[in-house]
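# Notes for the structure review
Chain residues, written in single-letter form:
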Amino acid sequence: MTAAITSVQLDWAMKDGLVIVTPRDQDRFIFIVRRAIEILQQAEQAEKFERQFNMLLRVLAEWLKDRTDIRRAFLTDRDGALAFVVVRNSCTYDDDFEDALSEIDFQIANDPDLDLIKMDAIALPSASESAVSAFLDPDFVLEYDHAKRNGSHLAGEQES
Amino acid sequence: MPKETDHISLANKNHDAMMRLGQDLDRFSEWVAVTAFYKALQIIEAMFVNQHGRCCFGHHQRLEKLKKGGYKELYKHFRALWSAASIARYLYDSETRRGYSSFADYLSAEKVKSILLKRRLHAVECNAVGLLSEKGRALLIRLPADF
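Just so we're clear, the structure is a prediction, and the values are computed from it rather than from any experiment. (Residues numbered from 1 in each chain as written. Chains lettered and ligands numbered in written order. Predicted model: local features only at pLDDT ≥ 70, side-chain atom pairs only at ≥ 80, totals over all residues. Heavy atoms only, no water.)

Tallying secondary structure elements over chain A gives six helices and six strands in all. The linear arrangement of helices and strands in chain A, starting from the amino end, is β-β-α-α-β-β-α-β-α-β-α-α. Every one of the 160 residues in chain A was classed for burial, and the buried ones make up 54%. Total accessible area on chain A is roughly 7,300 Å²; 48% of this is exposed by carbon and sulfur atoms. (Helix = DSSP H or I, 4+ residues; strand = E, 2+ residues; numbered from the N terminus. Buried < 20%, exposed > 50% of the residue type's maximum accessible area, 1.4 Å probe, protein only. Areas by Shrake-Rupley, 256 points an atom, 1.4 Å probe, with all protein chains shown as cover.)

In structure tokens form, the structure reads like this:
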């Protein structure tokens, strides 16, 4: 039995030079934002957190938009923080990619406009949905519609 | 709370395990990656105790303190080790075997040595050693120069 990933898809597009991110299922998205508020213990600043969370989604989309080496990209939670999980096109480790991911993670952590956001980032090699699901909280998965942009497919569909 | 030297002792235990496992790198490459990460973790903890008087609780808090504390180089190399160790421990597919099927697909034994140890772990050691006390520095077993 393989574990299918159930996620809220994030559509995104460029408009006037800015990235616009739109959750496909707004009701489930609101549920996930509330869960993020609980996990990061931001109930007292919920409104501010929500604004920052939406800004985070745009910052991540901006980073993703020019990358052709990523197959899938998720935002989930792990160890009491948000986790930006990207699945690369390749199976092999890439030193430059790791440094690029560290750079965006470092920038977000030190962005004063994102001071309520606690997030870590991890890159996974190209792997099956079942394997990737071990890194995702089934109750909290946002997925950027990245595959549609670069025309890539799930690992198994392309390589089997 | 553990002292700086306690963390150094734990780093050295991980170093010892890493070197022993590294004698059969083809067989134990993922566990070399894991012990390299835990060695780095203990070095970071020792550094935090020496610099700030306290250690961290949990992976996120540690990464966050590195990021927000201005330890950019340490963070960059430590995150790469954390990521590789996470993949070594948690990425597994016994069913479909599509894409990634074993840690060796991701990092060959040779690259575990040349990238994770000689580049990433070495950089953590070099960046952290100046932030340890004199006693901590003296106790820490580092990767051999001819490694």
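Okay, the sheet that holds strand β4 (residues 81–88) of chain A next. All names here are of chain A. Across the sheet, six strands lie side by side as β2-β1-β6-β3-β4-β5; this open sheet has mixed pairing. The open sheet has two edge strands, β2 (18–23) and β5 (119–124), and neither has a second partner. The mean inter-strand angle of the sheet, taken between neighbouring strand axes irrespective of direction, is 25°. Relative to β4, strand β3 (residues 70–78) runs antiparallel, the two sharing eight bridges. Within β4, the residue paired with Leu75 across the bridge is Phe84. Against the sheet, helix α1 (residues 26–39) makes contact with β1 (8–15), β2, β3, β4 and β6 (142–144), and its axis sits at roughly 100° relative to β1, the strand it touches most. Sheet strands touched by helix α3 (residues 95–109): β3, β4 and β5. Its angle to β5, the strand with the most contacts, is close to 165°. (Pairing = 2+ DSSP bridges. Axes fitted to C-alpha atoms, helices over the stretch in contact; angles between N-to-C directions. Contact = heavy atoms within 4.5 Å.)

Further remarks concern the packing of α3(A) against helix α3 (residues 59–68) of chain B. With their axes 9 Å apart at the nearest point, α3(A) and α3(B) run at an angle of 80° to one another. Here α3(A) is positioned roughly perpendicular relative to α3(B), judged by the angle of their axes. Where α3(A) abuts α3(B), its residues Asp105(A), Phe106(A) and Ala109(A) lie against Leu66(B), Lys67(B) and Lys68(B). Classifying every residue of the contact of α3(A) with α3(B) by side-chain character gives three nonpolar, no polar and three charged. (Parallel < 35°, antiparallel > 145°, perpendicular 65-115°, else oblique. Nonpolar A, V, L, I, M, F, W, Y, C, P; charged D, E, K, R; others polar.)

Judged by nonpolar contacts, the single largest core of 63 residues is most densely connected at Leu66(B), Phe78(B) and Phe103(B). Here the element with the most residues in this core is helix α2 (residues 25–52) of chain B; it accounts for 13 residues. (Core = buried A, V, L, I, M, F, W, Y, C linked by side-chain atoms within 4.5 Å.)

What follows concerns the pattern of salt bridges. It is possible for side chains bearing opposite charge to pair when their charged atoms get close. Enumeration according to the criterion identifies 25 salt bridges over all chains in this entry. When the shortest N-O distance is used, the salt bridge between Glu143(A) and Arg72(A) registers 2.8 Å. Residue Glu143(A) is located in strand β6, and its partner Arg72(A) is located in strand β3; the two are separated by 71 residues in the primary sequence. If you follow the salt bridges from partner to partner, you end up with Asp105(A), Asp120(A), Glu64(B), Lys67(B) and Lys68(B) in one network. (Salt bridge = Lys/Arg side-chain N within 4 Å of Asp/Glu carboxyl O.)

Leu117(B) marks the point of greatest bend in helix α6 (residues 109–129) of chain B, at about 30°. What α6(B) keeps buried is the set Ala109(B), Val112(B), Ile115(B), Leu116(B), Leu117(B), Arg120(B), Leu121(B), Ala123(B), Val124(B), Glu125(B), Ala128(B) and Val129(B). Those residues of α6(B) hidden inside the fold are in contact with α3 of chain A together with α1 (4–21), α2, α4 (72–90), α5 (103–106) and α7 (134–139) of chain B. (Bend = angle between axes of the 7 residues up to and from the residue.)

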